[in-house]
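# Fold and geometry: a report
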Amino acid sequence: GGGGEVRGARRAEVVDDCAVVPGRAAPEPLKRVYTGVAARARCDREVYTIMGGLTHFLGVSCEHCHVPDDYAAPTHRKDVANWMARELVPRVARPGGGAAWCNDCHVVDGHGTARILREPRDRAWAMEWMTVHLSDRLSGADGRPLRCRDCHGGEPGSGTFRRALIPRDPGAPD
């Protein structure tokens, strides 16, 4: 999915969801423009492949983010996922280069989790988790070691550090 990139698959095994195959109906074009998680989708089938990867890597069902029978309906979790795809993911890279994806942060030791920072927020735990799992696993988009400022705008304690990045659910406790 995601523009033909599939993690863990050899290039020869990757199927292009949007390729025209002789004898088959042409892939359905995108029904709408996506600006978040599915922004790289080129056809409707590729949207489903991207979303299938999300549910697999996060270990959640489609209904974790979507309203059943109305997948286009806005939800807080869709807002968060799309914000991460637009704002957070472009700031980081996988070791050795390459775009980061959901499972680079959300899967630890093979266990998927959709909430990596806990509710209610525990600042010390979040800082430890990010230091152990993100700074060792990812780099800045420029290839340098990942630092707090790459996502938060500054180092902890500085005037430019933004504590809260992820859009919060209006009903969530602080």
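Located above this text is the structure these notes cover.
Residues numbered from 1 in each chain as written. Predicted model: local features only at pLDDT ≥ 70, side-chain atom pairs only at ≥ 80, totals over all residues. Heavy atoms only, no water.

## Overview of the pattern of salt bridges
Pairing between side chains of opposite charge can happen when the charged atoms of each approach one another. Here is the rule we go by: Any carboxyl oxygen of Asp or Glu within 4 Å of a side-chain nitrogen of Lys or Arg constitutes a salt bridge here. Think of it this way: any DSSP run of H or I at least four residues long counts as a helix, any run of E at least two long counts as a strand, and we number them from the N terminus. For every residue, the accessible area obtained with a 1.4 Å probe (protein chains only) is divided by the maximum for its type, and the residue is called buried under 20%, exposed over 50%, and partly exposed between those limits.
Applying the stated criterion to the full structure yields six salt bridges. In this structure, Asp-16 engages Arg-42 in a salt bridge whose closest nitrogen and oxygen atoms are separated by 2.6 Å. Of this pair, Asp-16 sits in the segment before α1 (44–58) while Arg-42 is found in the segment before α1, placing the two residues 26 residues apart along the sequence. Residue Arg-42 is classed as partly exposed on the basis of its relative accessible area, which comes to 41%. The salt bridge involving Lys-31 is made with Asp-44; its shortest N-O contact spans 2.5 Å. With a gap of 13 residues between them, Lys-31 in the segment before α1 and Asp-44 in helix α1 connect regions that are remote in the sequence.

## Things to note about the nonpolar core
Heads up, the rule is: Nonpolar core, defined: a set of buried Ala, Val, Leu, Ile, Met, Phe, Trp, Tyr and Cys residues in which side-chain atoms within 4.5 Å join the residues together.
Counting residues in hydrophobic clusters, the biggest one holds 14 residues, and the most contacted among them are Trp-83, Met-84, Val-92, Leu-134 and Leu-138. If you list the elements that add at least two residues to this core, you get α2 (76–88) and α4 (123–134). Among the elements that line this core, the one with the most residues is α2, at four residues. Counting eight residues, the second-largest nonpolar core is a separate cluster that includes Ala-41, Ile-50, Leu-54 and Leu-58.

## A short note on the environment of Ser-158
The following threshold applies: Any N or O atom pair separated by 3.5 Å or less is treated as a polar contact, with the protein-specific requirement of one donor-capable and one acceptor-capable atom, and with residues adjacent in sequence counted only for side-chain atom pairs.
Its place among the elements puts Ser-158 in the segment after α5 (148–152). At a separation of 2.8 Å, a polar atom in the side chain of Ser-158 contacts the main-chain carbonyl oxygen of Glu-155.

## Things to note about α1
For clarity, the cut-off: Expected span of a helix, by definition, is 1.5 Å for each gap between consecutive residues, and there is one gap fewer than residues.
Taking 1.5 Å as the rise per residue, α1 with 15 residues should run 21 Å; its terminal C-alpha atoms sit 21 Å apart, in good agreement. Along α1, the positions that sit buried rather than exposed are Asp-44, Glu-46, Val-47, Ile-50, Gly-53, Leu-54 and Leu-58. Looking one or two residues past α1, Gly-59 carries a phi angle of roughly 70 degrees, positive in sign.

## Observations concerning unusual backbone geometry
One non-glycine residue, Asp-69, adopts positive backbone phi at about 65 degrees. Assignment of secondary structure puts Asp-69 in the loop between α1 and α2.

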